[in-house]
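Examining the three-dimensional arrangement
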Amino acid sequence: GAGVSQSPSNKVTEKGKDVELRCDPISGHTALYWYRQSLGQGLEFLIYFQGNSAPDKSGLPSDRFSAERTGGSVSTLTIQRTQQEDSAVYLCASSPGTSGQETQYFGPGTRLLVL
Amino acid sequence: AQRVTQPEKLLSVFKGAPVELKCNYSYSGSPELFWYVQYSRQRLQLLLRHISRESIKGFTADLNKGETSFHLKKPFAQEEDSAMYYCALSGLDNAGNMLTFGGGTRLMVKP
């Protein structure tokens, strides 16, 4: 079946604009994760969903970042009033559940450049 | 807090030479350790995990709780092994199963 997909693959925006990044997880996967991959910080966890709920938002770097998931499937990561330091590759992953036994499957990422 | 350290940003070896990519972790609970690999222009994918005790593409990794290490080894490197390798940790007693990644090691296998 299809893997995790993300859109857009690339996004260039101007500082101060809002952006929305989309993730389509593997069908049937209840857990969904957002990570950010940047030059200075490496790969860092942002937020995860179990179903439509986000029990842990501690990884979001500021209140400009928010995420939602609807229907236990598609998730959207929104960055408001983008800053240059938001430039990074945003990765989405999904897994069947959230136990430590589960493997996370990653999407191709969205490369965000804030000018 | 949990932390993963990969001390080498770049490791360059010749084809056929042994390879060891180092990974050390810090975690007070029960960890599950993973190695993820990212080949050029491909997505991040799981290479192997401690709990499976498998050998994938000739790579193995042993969890050493005394030294808090999970080094990745391969006896004879191949050119197609050139990629970015990330060690990651998940806390088995943490809700959520989020991964903490090391900084990554770029492996270059020269002909």
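From a predicted model like this one, the values you see are computed outputs, not experimental measurements.

Thresholds, definitions, all that
Residues numbered from 1 in each chain as written. Chains lettered and ligands numbered in written order. Predicted model: local features only at pLDDT ≥ 70, side-chain atom pairs only at ≥ 80, totals over all residues. Heavy atoms only, no water. Pairing = 2+ DSSP bridges. Helix = DSSP H or I, 4+ residues; strand = E, 2+ residues; numbered from the N terminus. Axes fitted to C-alpha atoms, helices over the stretch in contact; angles between N-to-C directions. Contact = heavy atoms within 4.5 Å. Buried area = accessible area lost by both parts, 1.4 Å probe. Salt bridge = Lys/Arg side-chain N within 4 Å of Asp/Glu carboxyl O. Polar contact = N/O pair within 3.5 Å; in protein donor to acceptor, adjacent residues only side chain to side chain. Nonpolar A, V, L, I, M, F, W, Y, C, P; charged D, E, K, R; others polar.

1. What to know about the sheet that holds strand 3 (residues 19–24) of chain A
Residue and element names in this part refer to chain A. Spatially, 1-3-8-7 is the arrangement adopted by the 4 strands of the open sheet, whose pairing is antiparallel. In this open sheet, the two strands that pair with only one neighbour each are strand 1 (5–7) and strand 7 (65–69). Across the sheet, the mean angle separating the axes of adjacent strands is 15 degrees when strand polarity is ignored. Sheet topology places strand 1 next to strand 3; 3 bridges connect them, and they run antiparallel. In the sheet register, Gln6 faces strand 3, and the bridge partner there is Cys23.

2. Topic: the sheet that holds strand 8 (residues 72–74) of chain B
Where strands meet in a sheet, backbone hydrogen bonds hold them as pairs that are either parallel or antiparallel. Residue and element names in this part refer to chain B. The 3 strands are arranged 3-8-7 in an open sheet whose pairing can be described as antiparallel. The open sheet terminates on both sides in strands that have one partner only, identified here as strand 3 (19–21) and strand 7 (60–61). Pairing geometry for strand 7 and strand 8, over 2 bridges, is antiparallel. Along strand 8, the bridge assignment pairs Thr60 with Lys73.

3. Overview of the interface of chain B and chain A
Interface extent is often summarised as the accessible area lost during association of the parts. Contacts between the two partners involve 18 residues from chain B and, on the opposite side, 20 residues from chain A. When the buried area of chain B at its contact with chain A is split by residue, Arg43(B), Asn97(B) and Met98(B) rank highest and sum to 34% of it. The tally of links from chain B across to chain A stands at 0 salt bridges. The interface formed by chain B and chain A holds 6 residue pairs in polar contact (both at pLDDT 80 or more) in total. Among the elements that take part in the side of chain B that touches chain A, strand 5 (residues 31–38) of chain B stands out by supplying 4 residues, more than any other. Here the residues of the side of chain B that touches chain A are counted per class, giving 11 nonpolar, 4 polar and 3 charged.

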